[in-house]
Each structure stands twice: as structure tokens, then as C-alpha cells.
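Reading the structure
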Amino acid sequence: MYGKEVTVGGWAQEVRNLGGISFLQLRDSHGVVQVTLLKKRNKELFDLVASIPRESVLRVTGEAKQSKEARAGYEILPSKIDILSKAETPLPLGVVDKVGADLDTRLNNRFMDLRKDEVKAAFRIKSVTLQGIRQFLSSQGFTEVSTPKIVAAGAEGGATLFQVKYFDRNAYLAQSPQLYKQNLMATGLDRIFEIAPAFRAEASDTIRHIAEFTSLDVELAFIESSDDVMEVAEGIVINSLRHVREHAKPELKALGVDIGEPLTPFPRVKYADAVEMVRSRGMKLEPGEDLGTEGEKLLGDVMIEEKKADLYFITEFPTALKRSTFYAKRRDDDPELTGYFDLDYRGQEIVSGGQREHRYDVLTEQMRENNLSLESFEFYLKAFRYGMPPHGGFGFGVERYVQKMLNLPNIREAVLYPRDRSRLTP
Ligand code: AMO
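Description of the structure in this document.

What counts, and where the lines are drawn
Residues numbered from 1 in each chain as written. Predicted model: local features only at pLDDT ≥ 70, side-chain atom pairs only at ≥ 80, totals over all residues. Heavy atoms only, no water. Helix = DSSP H or I, 4+ residues; strand = E, 2+ residues; numbered from the N terminus. Buried < 20%, exposed > 50% of the residue type's maximum accessible area, 1.4 Å probe, protein only. Contact = heavy atoms within 4.5 Å. Lys, Arg positive; Asp, Glu negative; His and termini not counted. Charge placed at Lys NZ, Arg CZ, Asp CG, Glu CD. Pairing = 2+ DSSP bridges. Axes fitted to C-alpha atoms, helices over the stretch in contact; angles between N-to-C directions. Near = heavy atom within 4 Å. Polar contact = N/O pair within 3.5 Å; in protein donor to acceptor, adjacent residues only side chain to side chain. Areas by Shrake-Rupley, 256 points an atom, 1.4 Å probe, with all protein chains shown as cover. Nonpolar A, V, L, I, M, F, W, Y, C, P; charged D, E, K, R; others polar. Parallel < 35°, antiparallel > 145°, perpendicular 65-115°, else oblique. Left-handed = near helix turned anticlockwise from the far one by under 90°. Phe/Tyr/Trp six-rings, centres within 6.5 Å; stacked < 30°, edge-to-face > 60°. Lys NZ or Arg CZ within 6 Å of the ring centre and 35° of its normal. Salt bridge = Lys/Arg side-chain N within 4 Å of Asp/Glu carboxyl O.

Regarding the overall build of the protein
- Along the protein, the regular secondary structure elements total 13 helices and 16 strands.
- The principal-axis extents of the C-alpha atoms in the protein amount to approximately 90 × 55 × 40 Å.
- By residue count, 49% of the 426 residues in the protein fall in the buried class.
- Residue pairs at least 24 apart in sequence account for 64% of intrachain contacts in the protein once pairs closer than 6 positions are excluded.
- Charged side chains of the protein number 59 positive and 64 negative; the gap between the two group centres comes to 7 Å.

Here is the structure:
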């Protein structure tokens, strides 16, 4: 386009005024272009640009010219500049300033924060990740479904349920599509997945919990064991990482992240062995006790040091730790163990799942153990009385996955508008 007239729209990132000449850096989603103004050529435009507040939106028309000095290798010599939207001063948050703002200030001004390439990059990568996941799952014969987010009963314990008023009744925001994805296993839609928000009233403020997260839920019928389920989880990770490596190169570069090939097959560590591994590293934990955040982290260190594994399964969760997961199948040969697993990514759980209990009598017994009213779960239980195949699945925390993939210090960096105990706007 050299020598031709071009029109570009963007944000006025910076104006450098050197007296007789000034340079306006105009930024749009593709990058930054230099608009060069000569006072003697057009004093009116020169003065206009000198007065434009940073981050205003402009439309610039002018001649595109090759330039050795301009960073992009070309510049625009403007003949017309329209101010489409003038920015107030001072800015609530700098866009190109070297001084970093704290996360709260950034989140309070997210629209401005997202003008930074490295902040936007995480969301482009999240989108590419979801694309990779969808592509892989459809190639494996999975059907994408949508289930209600306003529900009558929770599946993941009362402590984290959000109650909502639903006309003249009480309802809850779905913590997980658990009951619905199992319900669908009775229909012949044998392999399903859903990518949707899940809600948890998490009281504590941590770098890995939010009140609204994107849950990738998978469920498959006619399985032999949890192994069939783990295979799908592993496939999702391997294929979506590859997809990101191939389709998000500039974004990975902006973040300075290099995603290597993970070690495959993902190593599997039995829960009991995981406890021994962290105990041998000095952590005080009784056999069978919950690993907790600290134990998970320590196990992550051990797996990287000893096995060079970023991603690994923790398998055979003890029944004692999964008792409240009333739908989890206990092993026929050893009822003290389940086939439940977690998939951890460098010391953080990102996936949890396993084979479900599909036998009505055993399932209702496990529910009674948890003091659940079978009546309020009738819509769920009914499907188990008329032909329910063996099945299993998992919940996969999309933001936790992106957080670990990109080494983000806080899960909130992977959510455009995070929800937590203190945050309801923006
Ligand atoms: P679970 O409660 O372990 O299992 O959740 C599954 C995955 O969801 C993610 N996750 C969260 N991410 C961010 N903030 C939170 N507050 C949060 N809570 C959970 C984690 C976790 O591994 N119904 C079962 C899944 C199943 O068995 O299919 C369930 O919800 O990455």
C-alpha cells in the first residue's frame, strides 16, 4: 500500500512531540502504527494531535510510507484525523507504563487492562484451547450438550451452593452438571460433553478458586472401568496443548511461554503412594488423609524432579475421601477404594472424575449414607430404574488448566470478569 491512501482506526497510545515533528503511536488489535506529523506541513493536525489525551479512539487517513526509523517499517503521513471518542484524564490504569498495577486495580478496570497484549493473550489462548478441546471431542464421537444452570438440587455438597429465588420456590445455581450428564447416559447419547459455567460459593480467597468457573464436563457410557475415562481426559490435554502450540504462537510469545510436549502416557500414582511420597519429603500426613493444597504442591515438585512429569494422574482415591461423592463407584474387589482419579498439572488439580455407581440399590444406599433426601433427587434417580448402563466421566476446570498452561500466578488472570467473595462488578 506504499504511496496509497489508507485509513486506520485505533487508540492513541502515545504522542511524542519533538517541536517541528511529532509521532503518534496508534494501536489496534493487530499492532501499533506510527503516524508522523510535520508542523510545517499541516499545523492544524499537528496541534490537534498534541492535544489528544492518551487512549482516545481515532480514525486516521493518510499516505502509507516506508520508513526505516518507524518500528513497524512504515508510517502514515496523515491528511485527516477524526477523534471518534475522547478519553478522560487521568487514565484509571496505564496501558504502556512499565510500573505494574495490582490485580484489584487491573480487574476493576478490566476494559483498560485488556488493552495490554500480554493480558489479552491469555484469553486468545483460552479460546484456542476450547477450540482444540471441541475439535478433539467431536473427532471422538462426543456430542456437545447444554444442561440447566438453575437447578433444584446440588451434587457437590451443601456448603458451596448459591441459593436463588425461583418464582415462588428456592433453587440453586448449578455447581456441576453432574446429575444431568449422568441422566443423559440413560438415553443413548453415549458420549457427551458440556462447556459451561459452574457456580461455587467458595468462602475462601485463594489463587485457584473462583465462584464462577468454566467447567468442561465429559460423560461416557458402556465403560469397563475408570481407565476408559482417564484415556479421554489425557487425550483432551495432549490434543489441546498441541492445538495451542500450533495456533497461538504470537500469544505464547507475548507471554513468554513455551509449551513443551507433555510426557506420555501421563504417569499414574496411586493415592496411597502419593501420600507416602509427600510423607517421605517431610510432610506430616496420616496414611489415607487428604493431601490438601500443600500435599498436592509437594507431589507436583516430586513428579517434576523425579519423573519430569508436568501432568499425572492420582488414582484409586480411598472411599473414605469420596464418601460425600455419593455417585462415585466403590471397587467391587475392595470397597475401601474407588476408581476415582484426579489429573494434576504441576501440583494443582485440574480434573476430577471416575466411574459412577450405576446400580440403583447401591446408589441409593450411598445417598442415604450422606443423609440425602431421595425424594429431592427423584428426577435423577428415576433414570437409574429403567436401564442405566455403566458410565463415568469427569469435571475439568478450564481456567485452572489455562492458569497452569501459561504459568499465571492467579486463576483470575484466566477469567475476563472474575467472580469471588468480594467481586460482583465489573
Ligand atoms: P470437582 O468439584 O472436583 O468435581 O470439580 C471438577 C473440577 O472443576 C474445577 N473447579 C474449580 N475451578 C475454579 N474454581 C473453583 N471454585 C472450582 N471448583 C472446581 C477443578 C476441579 O478439578 N461433578 C464432579 C466432576 C465429575 O466427577 O464429573 C465435580 O464437580 O479443576
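Some thoughts on the sheet that holds strand β16 (residues 391-397)
- Read from one edge of the open sheet, eight strands run β6-β10-β11-β16-β15-β14-β13-β12, paired in mixed fashion. On the outer flanks of this sheet lie β6 (143-144) and β12 (268-270), each paired with one strand and no other.
- Bridge count for strand β15 (residues 348-355) against β16 is five bridges, and the pairing is antiparallel. Looking at β16, one finds that Ser-352 is bridged to Gly-395.
- Sheet contacts for helix α4 (residues 117-139): β6, β10 (191-199) and β11 (212-221); angle to β10, the most-contacted strand, approximately 155°.
- Where helix α8 (residues 271-280) meets the sheet, it contacts β12 and β13 (311-315), and its direction lies at approximately 85° from that of β12.

Topic: the pairing of strand β14 (residues 341-345)
- The buried fraction of β14 amounts to five of the five residues, a majority that puts the element mostly inside the structure.
- The alternating pattern of β14 places Phe-341, Leu-343 and Tyr-345 and Asp-342 and Asp-344 on opposite faces, both of which are buried.
- Relative to β15, β14 is paired through five bridges, and the arrangement is antiparallel. Opposite Leu-343, over in β15, you have Val-351 as the bridge partner.
- Counted along the chain from β14 to the antiparallel partner β15, the turn is two residues long, and its residue Arg-346 has a positive phi close to 40°.

Considerations on the site of the ligand
- Around the ligand, the surrounding shell holds 23 residues, and the nearest of these are Glu-156, Gln-178, Lys-181, Glu-349 and Arg-356.
- Within the backbone of Gly-397, an N or O atom sits 3.3 Å from an oxygen atom of the ligand.
- Contact with the protein chains removes 92% of the 620 Å² of surface that the ligand exposes when unbound.
- Mapped onto the shell around the ligand, the elements with two or more residues apiece are α5 (178-184), β15 and β16.
- Counting residues per element, the shell around the ligand draws most heavily on β15, at five residues.
- Looking at side-chain class alone, the shell around the ligand contains seven nonpolar, eight polar and eight charged residues.

Regarding the packing of α4 against helix α13 (residues 398-405)
- With their axes 11 Å apart at the nearest point, α4 and α13 run at an angle of 120° to one another. With respect to their mutual orientation, α4 and α13 come out oblique. As α4 packs across α13, the resulting crossing turns out to be right-handed. Between α4 and α13, the contacting residues are Ala-122, Ile-125, Lys-126, Thr-129 and Leu-130 on the first element and Val-398, Glu-399, Tyr-401, Val-402 and Met-405 on the second.

Comments concerning the sheet that holds strand β9 (residues 169-173)
- Read across the open sheet, the three strands follow the order β7-β9-β8; overall the sheet is antiparallel. Strand pairing shows two members of the sheet lacking a second neighbour, β7 (150-151) and β8 (163-166), which therefore form its edges.
- Across two bridges, β7 lies against β9 in antiparallel orientation. Bridge pairing in β9 links Val-151 to Tyr-172.

As for unusual backbone geometry
- Note that the residue after Thr-89, namely Pro-90, is joined by a cis bond; omega there is -10°.
- With respect to the helices and strands, Pro-90 occurs in the loop between β5 (74-85) and α2 (103-108).
- Omega for the peptide link from Thr-425 to Pro-426 comes to -15°, which places this bond in the cis form.
- Within the fold, Pro-426 resides in the segment after α13.
- Phi is positive for Phe-167, which is not a glycine, with a value near 50°.
- Inspection of the secondary structure assignment puts Phe-167 in the loop between β8 and β9.
- For Phe-167, a relative accessible area of 68% gives the class exposed.
- For Glu-316, which is not a glycine, the phi torsion comes out positive at approximately 50°.
- Structurally, Glu-316 can be placed in the loop between β13 and α10 (319-322).

As for the packing of aromatic side chains
- In the structure shown here, the tally under the stated rule is 12 aromatic pairs.
- Residues Tyr-271 and Phe-317 carry aromatic rings whose centres are separated by 4.7 Å and whose planes lie at 50° to one another, so their mutual orientation is tilted. One end of the pair, Tyr-271, is in helix α8; the other, Phe-317, is in the loop between β13 and α10, with 46 residues separating them in the sequence.
- Where Phe-396 meets Tyr-401, the ring centres are 5.0 Å apart and the plane angle is 90°; that geometry is what we call edge-to-face.
- Among the residues examined, Phe-396 registers a relative accessible area of 0% and is labelled buried.
- An aromatic cluster is built from Phe-326, Tyr-327, Phe-377, Tyr-380 and Phe-384, whose rings are joined through pairwise contacts.
- It is Lys-322 that lies over the ring of Phe-317; its NZ or CZ is 4.9 Å from the centre.

As for the pattern of salt bridges
- For the structure shown, the criterion picks out 38 salt bridges.
- Put simply, Arg-346 and Asp-310 hold a salt bridge, and the shortest N to O gap is 3.8 Å. Within this pair, whereas Arg-346 is found in the loop between β14 and β15, its partner Asp-310 is found in the loop between α9 (292-307) and β13, the two being separated by 36 residues in sequence.
- Given a relative accessible area of 31%, Asp-310 falls into the partly exposed group.

Without other data, these values stay purely geometric and don't point to any function.
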